[in-house]
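For reference, the chains in residue letters:
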Amino acid sequence: MGVELAEIFHRHGPQYQEKYRTRMPPRHWQAMRAIERCRTEALGGHVYHCPECDEMQYRYHSCRNRHCPKCQHQRTQQWLEKQQEMRLPVAHFLLTFTLPDGLRIVARGHPQLIYHLLFRTSAEATQQLSQDPRFVGGQIGMIGVLHTWGRNLAYHPHVHYLVPAGGLAEDGRTWLPSRKKFLVPVKALSKLVRAKFRDALCKHSCFADVPVSVWKQDWVVHCQPVGNGEGALKYLAPYIFRVAISNNRILKLVDGKVTFRYKDTDTGKTRRCTLSAEEFIRRFLQHVLPKGFVKVRYYGFFSPGKRLQLASLHQYLNNLLPFSSHGHRDQQTDVQALKPAPEELIQCPICGRTMQLHQILRPNRRAPP
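Procedures and definitions
- Residues numbered from 1 in each chain as written.
- Predicted model: local features only at pLDDT ≥ 70, side-chain atom pairs only at ≥ 80, totals over all residues.
- Heavy atoms only, no water.
- Salt bridge = Lys/Arg side-chain N within 4 Å of Asp/Glu carboxyl O.
- Helix = DSSP H or I, 4+ residues; strand = E, 2+ residues; numbered from the N terminus.
- Buried < 20%, exposed > 50% of the residue type's maximum accessible area, 1.4 Å probe, protein only.
- Core = buried A, V, L, I, M, F, W, Y, C linked by side-chain atoms within 4.5 Å.
- Contact = heavy atoms within 4.5 Å.
- Pairing = 2+ DSSP bridges.
- Axes fitted to C-alpha atoms, helices over the stretch in contact; angles between N-to-C directions.
- Expected span 1.5 Å × (residues − 1).
- Phe/Tyr/Trp six-rings, centres within 6.5 Å; stacked < 30°, edge-to-face > 60°.
- Polar contact = N/O pair within 3.5 Å; in protein donor to acceptor, adjacent residues only side chain to side chain.

> Help me out: how do you make sense of the pattern of salt bridges in this one?
Charged atoms that come close allow side chains of opposite charge to pair. Across all of its chains, the model carries eleven salt bridges by this definition. When the shortest N-O distance is used, the salt bridge between Lys19 and Glu278 registers 3.0 Å. Separated by 259 residues along the polypeptide, Lys19 in helix α1 (residues 5-19) and Glu278 in helix α8 (residues 277-285) bring together distant segments of the chain. Its relative accessible area of 32% is what places Glu278 among the partly exposed residues. The residue Glu52 makes a salt bridge to Arg353 at a minimum N-O spacing of 2.9 Å. Here the residue Glu52 occupies a position in the loop between β1 (45-49) and β2 (56-60), and Arg353 occupies one in the loop between α10 (331-338) and β13 (356-361), the gap between them amounting to 301 residues.

And the structure:
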């Protein structure tokens, strides 16, 4: 069995916590504690017994922390299925806004504020330009996903948006398609989001910590056509619930150093990175999100308050029913799609017979939040 993140925290976490005790935010302590205790006797669980061969199986509870590599895989497919239902039958663009280097130090100290402003200002800027009749001329829809890490665990906050190639006219009924390979001018969009971000951040005390050069440089904005959007959704889906590094990427922990593999963005080749355990933990924890922070956001006709309108638009574009602002959304279907699959029966690894619940194990300490 390979090295797990929990083992790294168990062996080197105490030294890290002692060294940075006064600088670690509570969310970092909570994430480390939860991951270390996940699926161990500390959280309790169930004991199953096979009546045929007398085999016993222990199933310990998960921590359910959203940064735990053991707890988030099953939810990805559910999210993807729901987005596929919402996806319009038109061409799509993938729009990406990257936080400049000069703002990343501020973001580490004020993640709730900076991430929220990156979402808000980038969405506002895109919607504003889209209203221009030279481009789309109407209201667009945007599904945004925050992503904070590079493949080598480097801190690289950016927001991806999946955007249908078109929008709704002022009458709320007419679909206005955009050009096939052009949504809005990215240079103008870069300047606009920079200005909006600066105006919003100057109301907060941390504005003084931002280098002046940030407001003079070009912000990186990228826009590319992605066909019908299905592939882009499959690309984005893992980042909704995936954590900064999975256990299967960690290769070894030797002499206080962690080695993991990653795929080079430019070449596509698999590479190895070796870091001290302290640096590895630091890089991982900088991707722990503020408590309750929503990393997936919906704008325009994708916003929660306009789902009925979206359903009617979907029907219209599919030529199923005349487009109306009073369309009906199958709420029951959506609820069913979000329900988790029933838990599989536990089968005996020896004889294959269904095992029976034998005992409930109570947590021996308070479970992590």
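> Please clarify how the nonpolar core should be interpreted in this entry.
For soluble globular proteins, the rule of thumb is that nonpolar side chains tend to be buried together. Residues Phe97, Leu103, Tyr161, Leu189, Phe197 and Leu201 are the most contacted members of the largest nonpolar core, which totals 43 residues. Mapped onto this core, the elements with two or more residues apiece are β3 (92-98), α4 (101-109), α5 (111-130), β4 (141-149), β5 (155-164) and α6 (186-201). It is α5 that contributes the most residues to this core, nine residues altogether. If sequence neighbours within four positions are ignored, Tyr161 has contacts with Phe93, Leu94, Leu95, Phe97, Leu118, Phe119, Ser122, Ala123, Met142, Ile143, Gly144 and Tyr299.

> Is there a simple way to think about the sheet that holds β4 in this case?
Across a sheet, paired strands are connected by hydrogen bonds in the backbone, their directions being either parallel or antiparallel. An order of β8-β3-β5-β4-β12 is seen for the five strands of this open sheet, with the pairing classed as antiparallel. Pairing within the sheet leaves two strands with one partner each, and these edge strands are β8 (221-225) and β12 (296-300). This sheet shows a mean twist of 20° between the axes of neighbouring strands, independent of strand direction. Sheet contacts for helix α7 (residues 230-241): β3, β4, β5 and β12; angle to β5, the most-contacted strand, approximately 140°.

> Got a minute to help me understand α5 in this structure?
Along an α-helix, residues three or four positions apart point the same way, because every turn accommodates 3.6 residues. The terminal C-alpha atoms of α5 lie 28 Å apart, and with 20 residues this matches the ideal 28 Å at 1.5 Å per residue to within 8%. Within α5, 14 of the 20 residues are buried, leaving the element largely enclosed by the surrounding structure.

> Looking at this structure, how should I read the sheet that holds β13?
An order of β2-β1-β13 is seen for the three strands of this open sheet, with the pairing classed as antiparallel. A single partner strand is all that each edge strand has here, and the edge strands are β2 and β13. Here the strands of the sheet are splayed against their neighbours by 25° on average, with no regard to which way each runs. Two elements, β1 and β2, share five bridges in a ladder whose sense is antiparallel. Pairing of Gly45 across the sheet is with Tyr60, part of β2.

> Just to check I follow, could you spell out the pairing of strand β11 (residues 270-276) for this structure?
Here is the key point about a regular strand: its side chains alternate between the two faces of the sheet. Relative to β11, strand β10 (residues 257-263) runs antiparallel, the two sharing seven bridges. Paired with Tyr262 across the bridge in β11 is Arg271. Between β10 and β11, which pair antiparallel and follow one another directly, the connecting turn spans six residues, one of which, Gly268, has a positive phi of 80°.

> Help me understand the packing of aromatic side chains, please; the structure alone is not making it clear to me.
Each aromatic ring pair is specified by the distance between its two centres and by the angle formed by the two planes. Counted according to the given criterion, the structure contains 16 aromatic pairs. Relative to Tyr161, the ring of Phe97 lies with its centre 5.9 Å away and its plane at 85°, an arrangement referred to as edge-to-face. You can see Phe97 sitting in strand β3 and its partner Tyr161 sitting in strand β5, a full 64 residues away along the chain. Side by side, Phe97 and Tyr161 carry an identical accessibility label, which is buried. With centroids separated by 6.5 Å and ring planes inclined at 35°, the aromatic side chains of Phe197 and Trp215 adopt a geometry described as tilted.

> Is there a simple way to think about the environment of Glu36 in this case?
Secondary-structure assignment places Glu36 in helix α2 (residues 26-37). Taking the C-alpha atoms as reference points, Glu36 and Val214, 178 residues apart in sequence, are found 39 Å from one another. Residue contacts for Glu36: discarding those within four places in its chain leaves Ala6, Phe9 and His10. Here His10 takes part through its side chain, which lies 3.0 Å from a polar atom of the side chain of Glu36.

> Even after reading the chapter, I still don't get the pairing of β10, so can you show me in this structure?
Taken together, the four bridges between strand β9 (residues 250-254) and β10 define a ladder with antiparallel strand orientation. The residue bridging Val254 from the neighbouring strand is Lys257, located in β10. Linking two consecutive strands that pair antiparallel, namely β9 and β10, is a turn of two residues; a positive phi of about 55° is found at Asp255 within it.

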